[in-house]
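Notes for the structure review
These are the residues of each chain, in order.
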Amino acid sequence: MGCAAVVIPGLLRGPVGAICTQAALLRSTRSAVRHLSLTSIMKSKRKTDHLERTANIVRREVVSAAKVCGAANESPSVKRLRLLVADKDFSFKAGQWVDFFIPGVSVVGGFSICSGPRLLEHERMIELAVKYTNHPPALWIHNQCTLDSEVAVRVGGEFFFDPQPADASRNLVLIAGGVGINPLLSILRHSADLLRERANKGSGYDIGKIKLFYSAKNTSELLFKCDQICLTFQKNILDLVNEFPEKIACSLHVTKQTTQIGAALKPYITEGRIMEQEIRDHISKETLFYICGPPPMTDFFSKQLENSHVPKEHICFEKWW
């Protein structure tokens, strides 16, 4: 399937075209925000799944109410949400995730943010992309979540890219499998914002080259490959490759493709898994590696990089079950 797919209704609009605005969310009283957050946390007191796995991971203190401003199908199995965040102190670094508290659902979700930090800074919004599973938070998102649904979110995670202006220039290699693209897309979008800032102001962090390796079952499950969903603020993978051809490149892999690949997408597609040699070709002292995907994939590539004498501090990985 090429990029010229059927356009899905835009994320910012509901079925009757109502646009969710910041003012609409902030009409909630302070007590209502507090009630939403505390109720969700109290109902999630019993640790399960995400909370158990991340019990020792650093989290920010802020738990913010958020309202669903829009939703769309990113793929046949992945739903994309845009949330308007109420608390002005809520912030995150590219690559981090949120604890996702749902009123009336006792299990806390854990979902990586796929938008860049600039979207939150400018519009008070974040985006998530959630794969359909039988996990209660994912089921709620796919089957019950509607425009204006209220939830609460809290940032956590030690997997992020947050360079400061004076830091040494680094190349990035991003290795994603399936829905593991989410935090890496956040890093890619943040990298693009850093490139724009450098071009516009002549100052800021001097980022090197970025190469994304991304594997999925087929092109329908390659998320964010092009702008199938009409968004106002965030560009997708091929948009960024085309905007910064000297800085950003991608290699998209499909392992079980059964249909013809569209002409617009074909130049970027390799049929078969990501190979070790492709990754080794990008090893240098100036390169950082970020890996996110199923645990076997993450373990494989992190071990391969270690065996190739890449310093452990240059290998960052996140596993999602």
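Preceding this paragraph is the structure being described.
Residues numbered from 1 in each chain as written. Predicted model: local features only at pLDDT ≥ 70, side-chain atom pairs only at ≥ 80, totals over all residues. Heavy atoms only, no water.

All right, on to the sheet that holds strand β12 (residues 315-319) then. Think of a sheet as strands paired side by side through backbone hydrogen bonds, with each pair either parallel or antiparallel. Spatial ordering of the open sheet is given by β10-β9-β8-β7-β11-β12, a layout of 6 strands whose pairing is parallel. Only two strands of the sheet have a single neighbouring strand rather than two, namely β10 (269-271) and β12. Averaged over all pairs of adjacent strands, the angle between strand axes in this sheet comes to 15 degrees, irrespective of strand direction. Across 5 bridges, the pairing between strand β11 (residues 287-293) and β12 is parallel. Bridging across to β12, Phe-289 finds its partner in Ile-315. Across the sheet, helix α6 (residues 181-201) lies against β7 (171-177), β8 (210-216), β9 (248-254) and β11, angled at about 155 degrees from β7, the strand it touches most. Contacting β7, β11 and β12, helix α9 (residues 295-307) crosses the sheet at an angle of about 165 degrees to β12. (Pairing = 2+ DSSP bridges. Helix = DSSP H or I, 4+ residues; strand = E, 2+ residues; numbered from the N terminus. Axes fitted to C-alpha atoms, helices over the stretch in contact; angles between N-to-C directions. Contact = heavy atoms within 4.5 Å.)

Moving on: the sheet that holds strand β6 (residues 150-156). An order of β4-β3-β6-β1-β2-β5 is seen for the 6 strands of this open sheet, with the pairing classed as antiparallel. Two strands in the sheet have a free side with no partner beyond their single neighbour: β4 (109-112) and β5 (125-131). Going from strand to strand, the sheet's axes swing by 40 degrees on average, the running direction of each strand aside. Bridge count for strand β3 (residues 97-101) against β6 is 5 bridges, and the pairing is antiparallel. Each bridged residue has a counterpart across the sheet, and for Val-98 the counterpart in β6 is Val-155.

As a further point, take α6. Along an α-helix, residues three or four positions apart point the same way, because every turn accommodates 3.6 residues. Over its 21 residues, α6 runs 30 Å from end to end, which matches the ideal 30 Å to within 8%, given 1.5 Å per residue. α6 sits mainly inside the fold: 15 of its 21 residues count as buried. Among the residues trailing α6, Gly-202 stands out with phi positive, at a value near 75 degrees. (Expected span 1.5 Å × (residues − 1). Buried < 20%, exposed > 50% of the residue type's maximum accessible area, 1.4 Å probe, protein only.)

So, about helix α5 (residues 136-143). Here α5 has its buried residues at Pro-137, Ala-138, Trp-140, Ile-141 and His-142. Check the buried side of α5 and you find it contacts β2 (78-85), β3, β4, β5 and β6.

What follows is about the environment of Ala-71. Considering the arrangement of structural elements, one finds Ala-71 in strand β1 (residues 64-75). Placed 74 residues apart in sequence, Ala-71 and Cys-145 show a C-alpha to C-alpha distance of 8.7 Å.

Below, the discussion takes up the packing of aromatic side chains. Counted under the stated rule, the structure contains 6 aromatic pairs. Note on Phe-161 and Tyr-290: the rings are 6.1 Å apart at their centroids and 75 degrees apart in plane angle, and the pair reads as edge-to-face. Of this pair, Phe-161 sits in the loop between β6 and β7 while Tyr-290 sits in strand β11, placing them 129 residues apart in sequence. Here Phe-161 and Tyr-290 have matching classes, each one buried. Between the aromatic rings of Phe-300 and Phe-301, the centroid separation amounts to 5.2 Å while the plane-to-plane angle is 80 degrees, which identifies the pairing as edge-to-face. For Phe-300, a relative accessible area of 29% gives the class partly exposed. Every member of this aromatic cluster is reached through a ring pair, and the members are Phe-159, Phe-161, Tyr-205 and Tyr-290. Over the face of the ring belonging to Phe-224 we find Arg-189, whose NZ or CZ atom lies 5.7 Å from the ring centre. (Phe/Tyr/Trp six-rings, centres within 6.5 Å; stacked < 30°, edge-to-face > 60°. Lys NZ or Arg CZ within 6 Å of the ring centre and 35° of its normal.)

Tallied over the full model, the rule gives 13 salt bridges. In this structure, Glu-127 and Arg-82 form a salt bridge, with 2.2 Å as the shortest nitrogen-oxygen distance. Here the residue Glu-127 occupies a position in strand β5, and Arg-82 occupies one in strand β2, the gap between them amounting to 45 residues. Grouping residues by exposure puts Glu-127 and Arg-82 together as buried. The closest approach of N and O atoms between Glu-127 and Arg-189, which form a salt bridge, is 3.9 Å. You can see Glu-127 sitting in strand β5 and its partner Arg-189 sitting in helix α6, a full 62 residues away along the chain. Each member of the pair Glu-127 and Arg-189 is classed as buried. (Salt bridge = Lys/Arg side-chain N within 4 Å of Asp/Glu carboxyl O.)

A few words on the nonpolar core. Ranked by size, the top nonpolar core spans 41 residues in total, and within it Ile-181 and Ile-237 carry the most contacts. Going through the elements one at a time, β7, α6, β8, α7 (237-243), β9 and β11 are the ones with two or more residues in this core. The element contributing the most residues to this core is α6, with 8 residues. In this structure Ile-237 touches Ile-181, Leu-185, Leu-188, Leu-212, Tyr-214, Leu-223, Phe-224, Lys-225 and Cys-250, once residues within four positions along its chain are discounted. In this structure, Leu-81, Leu-120, Cys-145 and Val-155 belong to the second largest nonpolar core, which totals 25 residues. (Core = buried A, V, L, I, M, F, W, Y, C linked by side-chain atoms within 4.5 Å.)

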